[in-house]
Amino acid sequence: MLLLSAQEIKSEPVPNAIAVYWKTLDKKEKEIFLFSYLTQVYDTHQKMIKDLGYDSVTTWYFDNKAEMIYGIFDQVEQAGMQEFIGWIDEYYSHEEFSGNSFDDALSFAFRFQQASGETIWEKYENLKYGKIKPKN
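Residues numbered from 1 in each chain as written. Predicted model: local features only at pLDDT ≥ 70, side-chain atom pairs only at ≥ 80, totals over all residues. Heavy atoms only, no water.

**Student:** What is the right way to read the overall build of the chain from this model?
**Tutor:** Along the chain, the regular secondary structure elements total 7 helices and 0 strands. In sequence order, the secondary structure elements of the chain are arranged as α-α-α-α-α-α-α. Classification of the 136 residues of the chain by burial places 29% in the buried group. A separation of at least 24 residues holds for 60% of the contacts in the chain among residues at least 6 apart in sequence. Total accessible area computed for the chain in this model is approximately 9,500 Å², and 57% of it derives from carbon and sulfur atoms. (Helix = DSSP H or I, 4+ residues; strand = E, 2+ residues; numbered from the N terminus. Buried < 20%, exposed > 50% of the residue type's maximum accessible area, 1.4 Å probe, protein only. Contact = heavy atoms within 4.5 Å. Areas by Shrake-Rupley, 256 points an atom, 1.4 Å probe, with all protein chains shown as cover.)

**Student:** What's the story with the packing of helix 3 (residues 27–52) against helix 5 (residues 81–92) in this structure? I'm lost.
**Tutor:** Angle between the axes and distance between the axes: these two values describe a pair of packed helices. Relative to each other, helix 3 and helix 5 sit at 95 degrees, their axes nearing to 10 Å. Considering the angle they form, helix 3 stands roughly perpendicular to helix 5. Of the residues in helix 5, those touching helix 3 at K27, K30, E31, L34 and F35 are M81, Q82, F84, I85, I88 and D89. Class assignment of the residues belonging to the contact of helix 3 with helix 5 gives a composition of 6 nonpolar, 1 polar and 4 charged. (Axes fitted to C-alpha atoms, helices over the stretch in contact; angles between N-to-C directions. Parallel < 35°, antiparallel > 145°, perpendicular 65-115°, else oblique. Nonpolar A, V, L, I, M, F, W, Y, C, P; charged D, E, K, R; others polar.)

**Student:** Would you explain the packing of helix 2 (residues 17–24) against helix 3 in this entry?
**Tutor:** Between helix 2 and helix 3, whose axes approach to 8 Å, the crossing angle comes to 140 degrees. On the basis of their axis angle, the class for helix 2 and helix 3 is oblique. Across from I18, Y21, W22 and T24 in helix 2, the residues of helix 3 making contact are E29, K30 and F33. Along the lines of polarity and charge, the residues of the contact of helix 2 with helix 3 split into 4 nonpolar, 1 polar and 2 charged.

**Student:** Would you mind showing me how to read the nonpolar core here?
**Tutor:** Side chains of a nonpolar character, in soluble globular proteins, are inclined to be buried together. By size, the foremost hydrophobic cluster in this structure holds 28 residues, and its most contacted members are L34, F84, I88, F102 and L106. Apart from the residues lying within four places of it in its own chain, the contact partners of I88 are W22, L34, F102, A105, L106 and A109. (Core = buried A, V, L, I, M, F, W, Y, C linked by side-chain atoms within 4.5 Å.)

**Student:** For this particular structure, what's the right way to read the confidence of the model for the chain?
**Tutor:** Close inspection of predicted coordinates is inappropriate for parts of the model with low pLDDT. For the chain, per-residue confidence averages 80 on the pLDDT scale, and residues scoring 70 or more make up 74% of the total. Confidence scores differ between elements of the chain, with helix 1 (residues 2–6) showing the lowest mean pLDDT of 49 and helix 3 the highest of 95. (pLDDT = per-residue confidence, 0-100.)

**Student:** What exactly am I supposed to notice about the side chain of S98 here?
**Tutor:** If you trace the backbone, S98 turns up in the loop between helix 5 and helix 6 (102–114). Here E95 takes part through its backbone oxygen, which lies 2.8 Å from a polar atom of the side chain of S98. Among all residues touching S98, those that are not within four sequence positions of it are P13, V14, P15, N16, A19 and Y92. (Polar contact = N/O pair within 3.5 Å; in protein donor to acceptor, adjacent residues only side chain to side chain.)

Shown next, in the form of structure tokens:
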């Protein structure tokens, strides 16, 4: 009996509402959703700056939310929304990620869209190498 309680009980990941909703959207709806999400984060940060200035809360919001969104806006302007959406689709196609936040999917898409390489494997290898390569 003690042995049974010591075993790890593996459970299936529970998808979050955004992951489930995202999978129901067609390409145009995904584009609208993504643009709305990015705009909401941008507008919130701009309103915080206007109302609070550059205080600790505004700085935290930028560091933890808005900075990546600004980078995504730059990437989307250069590469287009559909490529970015494809990376989010790739992220949520893996069941183990279905319970993760939309911000995690955005982070994945942002990193992989920036990575060099033609295939997802090449991009993964290049990202991995980028983390371990020596600094000059």
